[in-house]
Amino acid sequence: MKLGGAKLQRKLFIAAFIIPTFLYFCLFTIYPILQALYNSFFDWSGMSQFKDYVGLQNFKDLLQDPIMLNAIGNDYFLVAGKVIGIMLIATFFAIALTRLRIRGAGFFRSIFFIPNVLSVVVVGVLWGFIYNPQIGFLNAFLSLFTKEPVTINWLGFESHSIWMLLPPTIWAGIGFYMILLIAAITNIPESLYEAADIEGAGQWHQFWHISLPLVWEQMKISIINIMMTTLNGSFVIVTIMTAGGPDNSTQVMGSYLYQQAFKQAHFGYGASIGIAILTTSLVTTLLLQWLLRREQVEVS
Amino acid sequence: MVQRTVHPVVKTIFMALLILWGISVIYPLIWTFMDALKDNQQFYFNMPWAFPELPLHWSNFSYVWNNYNFGKYFINSILVTAGGTILGLVLASTTAYTIARYKFMGGKALYLIYISSMMVPFSLALIPLFFLMNDLGLINNPLGLILVYASNTLAFGIFVLIGFFRSLPKEMEEAAAIDGAGYFGTFFRIMLPLSRSGLISVGIINVLDIWNEFIVGTILVNDPTRYTLPIGLAAMQVEMQYKTEWGPLFAGLLFTIVPVLVVYMFAQRHIVSGLVAGAVK
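About the thresholds
Residues numbered from 1 in each chain as written. Chains lettered and ligands numbered in written order. Predicted model: local features only at pLDDT ≥ 70, side-chain atom pairs only at ≥ 80, totals over all residues. Heavy atoms only, no water. Helix = DSSP H or I, 4+ residues; strand = E, 2+ residues; numbered from the N terminus. Rg over C-alpha atoms; globule rule 2.2 N^0.38 Å. Contact = heavy atoms within 4.5 Å. 1 Å grid on protein atoms, 1.4 Å probe; cavity = no way out; pocket = protein on both sides within 12 Å on 5 of 7 lines; lining within 4 Å. Points joined across faces, edges and corners; volume = space filled by probe spheres on them. Nonpolar A, V, L, I, M, F, W, Y, C, P; charged D, E, K, R; others polar. Buried area = accessible area lost by both parts, 1.4 Å probe. Salt bridge = Lys/Arg side-chain N within 4 Å of Asp/Glu carboxyl O. Polar contact = N/O pair within 3.5 Å; in protein donor to acceptor, adjacent residues only side chain to side chain. Buried < 20%, exposed > 50% of the residue type's maximum accessible area, 1.4 Å probe, protein only. UniProt positions renumbered as here; feature names shortened; annotations may be inferred. Patch = residues over 30% accessible without salt bridge, like charges linked within 9 Å, V, L, I, M, F, W, Y side chains within 5 Å. Areas by Shrake-Rupley, 256 points an atom, 1.4 Å probe, with all protein chains shown as cover. Lys, Arg positive; Asp, Glu negative; His and termini not counted. Charge placed at Lys NZ, Arg CZ, Asp CG, Glu CD. Core = buried A, V, L, I, M, F, W, Y, C linked by side-chain atoms within 4.5 Å.

Here we take up the overall build of chain A. A count of helices and strands for chain A gives 12 helices and 2 strands. Reading chain A from its N terminus to its C terminus gives the helix and strand order α-β-β-α-α-α-α-α-α-α-α-α-α-α. The C-alpha atoms of chain A give a radius of gyration of 25 Å, which is well past the 19 Å a tight globule of 300 residues would have. With respect to the principal axes defined by its C-alpha atoms, chain A has extents near 90 × 75 × 30 Å. A separation threshold of at least 6 residues defines the contact pool for chain A, and within that pool the share at least 24 residues apart is 67%.

Written as structure tokens, this is what we have:
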């Protein structure tokens, strides 16, 4: 009887600790996700009486929507640019701050992380000022070298403005990935480097044959993480800096979803863009997992 | 033993690049402060990197605080951040502890559900979330933001806290049981205090995330008196197309930046350890 009571108590305890959180999570996270899948099959302007089932029509329209196709292109452009930019610079700094025994490494590490604690809105406003055609930093700086003052409207080109979103996003992303790589590099046993030193291997050699293979797993995670946060989150920097313009040329999937749903009340179509973000993100994750696969290196 | 070191020239180049990047991070913060003290005149006729002229326009700060409602945004941000962080921690720590310390049916499945939700892009949920909050009457209500923000912190919090609870020695619970502490007593009086550093790490990272959040805020709030700082800042930037007030914009930036910088200065160690724990999957 007493044992049964203890068992019941244990069950009650587990239930009391598990169920409230799970119900809460179901309501505010799982339900919206499932509802989004459902909504994508409807033509829907936000009022329940006008919610028409249209099957896969939204997805067919998406594939023929030039703005959407351009947005997907922009998303992958940002993914590629950020992966290359962030991984190169972050790896460089991580190596410099760990293996090269540079003075003040801790200080640099703390400083470099600062952009990561700033809101993307703050980053967008700061860089918007750098690019400002009349009073911005960039034009003022370039004007030092020219006779006529430079008045380039950096965010006003349909063909190139998406490029201008790379520097702010890379600037804001370095610190976090650098910290992850530093953590991975410091986990490598010092004895491996000492052995390499004795055999006369230089720093470059040590990087290629010790550091890189042993932090590869961390790099893979970082690359996939950059991809996911970009597909999911570049909406903010785009909204703040260009609002998708000029003429939708810098639209990304997230900002296009926002525009379609919340500005033009095409909620069904917007939902189908959300599904597109989910699909591209999952497919790209699998693809990257496969592309970046590498024999696991065991530290013996 | 030959200790091979890097060539001094190479080391100097590395050092120069590190300093250069350091400047690129620090300088925008300095110029934000300087530009917050300028009037429009100086923006149009002086170089962007010029020092502010005397008299310094300290009034920019009171101007955004009152006229642009940054005072209200600030209070809203604090309210929403505190509420979302605390609620998120309570919900995450209880679940994380149970999953980490007890074997029960469905425990693994539950863990997988939370973890895999991190793979789902959040923008997918925006539209249904808007209608859900609309139905609940929580549009333009700080409680609406608190509920959604807390939910968004759960997966990450549970993931990191499970690691912390698992690292605590099993003997602690046994000792507590011998002392006659019940299940709840063991959790609240023993396990929770012991995992304090994990809770602080997760809490501070959540504070930063919620303080800086923009997308959900834009969708669930359209009444300017209910804005949080990032939404207010973005709205102010849009208004700049019609009336240019650069000094006040930078003053508004400072109100948003300074609190996170202060948190970062004091809690850097916790932020870094929490993020590393959360990313090494």
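So much for the structure itself; the text now carries on.
Our focus in this paragraph is the layout of surface pockets. Of the pockets and cavities examined, the second largest pocket occupies roughly 440 Å³. Where the lining of the second largest pocket is concerned, the elements lending two or more residues are helix 3 (66-98) and helix 10 (203-241) of chain A together with helix 1 (8-35) of chain B. The residue makeup of the lining of the second largest pocket, split by class, is 18 nonpolar, 3 polar and no charged.

In this section: the interface of chain B and chain A. Many structure descriptions define interface size as the accessible area lost when the parts assemble. Counting from both sides, the interface comprises 95 residues of chain B and, opposite them, 90 residues of chain A. Of the roughly 8,500 Å² buried where chain B meets chain A, counting both sides, 81% is carbon and sulfur surface. Of all residues in chain B, B:Leu18, B:Trp21 and B:Leu124 give up the largest surface area on contact with chain A, accounting jointly for 9% of the area buried on that side. At the boundary of chain B and chain A, one finds 0 salt bridges. In this structure, the connection of chain B to chain A is made through 15 residue pairs in polar contact (both at pLDDT 80 or more). Broken down by element, the residue count for the side of chain B that touches chain A peaks at 17 residues, all from helix 1 of chain B.

What is expected of a backbone is that most residues other than glycine have negative phi and most peptide bonds are trans. Residue and element names in this part refer to chain A. Even without a glycine there, the phi angle at Asp247 is positive, about 50 degrees. Summarising the element assignment, Asp247 is placed in the loop between helix 10 and helix 11 (253-263). With a relative accessible area of 60%, Asp247 lands in the exposed category. One non-glycine residue, Ala265, lies in positive phi territory at about 55 degrees. You can see Ala265 is positioned in the loop between helix 11 and helix 12 (267-291).

It is worth spelling out the UniProt feature "transmembrane region" (unreviewed entry) in chain B at this point. Residues and elements named next belong to chain B. In the numbering adopted here, UniProt assigns the feature "transmembrane region" (unreviewed entry) to residues 12-34, 73-97, 109-131, 143-165 and 246-267. A helix fraction of 65% and a strand fraction of 0% characterise residues 109-131, whose end C-alpha atoms lie 29 Å from each other. Annotated as residues 143-165, this span is 100% helix and 0% strand, and its ends, taken at the C-alpha atoms, are 30 Å apart.

What follows deals with the side chain of B:Thr228. Relative to the elements of secondary structure, B:Thr228 occurs in the loop between helix 11 (215-220) and helix 12 (229-239). Leave out the neighbours within four places in its chain, and B:Thr228 touches B:Tyr73, B:Asn76, B:Ser77, B:Val80, B:Leu145 and B:Glu213.

Time to look at the UniProt feature "domain: ABC transmembrane type-1" (unreviewed entry) in chain A. The UniProt record marks residues 72-288 of chain A with the feature "domain: ABC transmembrane type-1" (unreviewed entry), using the residue numbering of this structure. Secondary structure content for residues 72-288 of chain A is 76% helix and 0% strand, and the end C-alpha separation is 17 Å.

This next bit is on the pattern of salt bridges. Under the definition given, this model contains 3 salt bridges over all chains. Here A:Glu190 ties to A:Arg99 by a salt bridge, and the two come within 3.3 Å at their closest N and O atoms. Of this pair, A:Glu190 sits in helix 9 (residues 190-198) while A:Arg99 sits in the loop between helix 3 and helix 4 (105-117), placing them 91 residues apart in sequence. Looking at A:Arg99, the relative accessible area reads 9%, which means it is buried. The partner of B:Asp35 in a salt bridge is B:Lys38, with the nearest N and O atoms 3.0 Å apart. Residue classification places B:Lys38 among the buried residues on the basis of a relative accessible area of 2%.

A word on the UniProt feature "transmembrane region" (unreviewed entry) in chain A. Per the UniProt record, "transmembrane region" (unreviewed entry) is found at residues 12-34, 76-98, 110-130, 162-185, 223-246 and 266-292 of chain A. Along residues 12-34 of chain A one finds 100% helix and 0% strand; the C-alpha atoms at either end are 30 Å apart.

So, on to a positive patch on the surface. Residue and element names in this part refer to chain B. A surface patch of positive charge is lined by Lys103, Lys108, Arg166 and Lys170. Note that Lys103 resides in the loop between helix 4 (70-101) and helix 5 (107-117). With relative accessibility at 76%, the residue Lys103 sits in the exposed group.

Our next topic: empty space enclosed by the protein. Over the atoms rolls a probe the size of a water molecule, and its path tells where empty space is left. Residues and elements named next belong to chain B. One pass over the full model with this rule turns up 4 cavities of 30 Å³ or more. One number sums up the size of the second largest cavity: a volume of about 40 Å³. Taken together, Asn76, Val80, Asn140, Asn141, Pro142, Leu145, Val221 and Arg226 make up the full set of residues lining the second largest cavity. Elements supplying a minimum of two residues to the lining of the second largest cavity: helix 4 and helix 7 (142-167).

All right, on to the nonpolar core then. One broad rule of soluble globular proteins: the nonpolar side chains tend to lie buried together. In terms of nonpolar packing, the biggest core is built from 187 residues, with B:Phe70, B:Met133, B:Phe165 and B:Phe250 touching the most fellow members. Among all residues touching B:Phe70, those that are not within four sequence positions of it are B:Val64, B:Trp65, B:Leu229, B:Gly232, B:Leu233, B:Met236, B:Gly252, B:Phe255 and B:Thr256. If you look at the next biggest cluster of nonpolar residues, it comprises 6 residues, including A:Ile33, A:Ala36, A:Leu278 and B:Leu124.

This part takes up a nonpolar patch on the surface. Judged by side-chain polarity, A:Phe141, A:Leu144, A:Phe145 and B:Met47 come together as a nonpolar surface patch covering roughly 430 Å² of accessible area. Assignment of secondary structure puts B:Met47 in the loop between helix 2 (40-45) and helix 3 (59-67). Note on B:Met47: relative accessible area 37%, which makes it partly exposed.

Before going further, it helps to examine helix 11 of chain A. Burial analysis of helix 11 of chain A places 9 of its 11 residues in the buried class, which makes it a mostly covered element. What helix 11 of chain A keeps buried is the set A:Met253, A:Gly254, A:Ser255, A:Tyr256, A:Leu257, A:Tyr258, A:Gln259, A:Gln260 and A:Ala261. Taken together, the buried residues of helix 11 of chain A touch helix 3, helix 10 and helix 12 of chain A together with helix 6 (126-135) and helix 11 of chain B.

Right, let's talk about the environment of A:Tyr38 for a bit. Structurally, A:Tyr38 can be placed in helix 1 (residues 2-39). Taking the C-alpha atoms as reference points, A:Tyr38 and A:Gly268, separated by 230 residues in sequence, lie 9.0 Å from one another.

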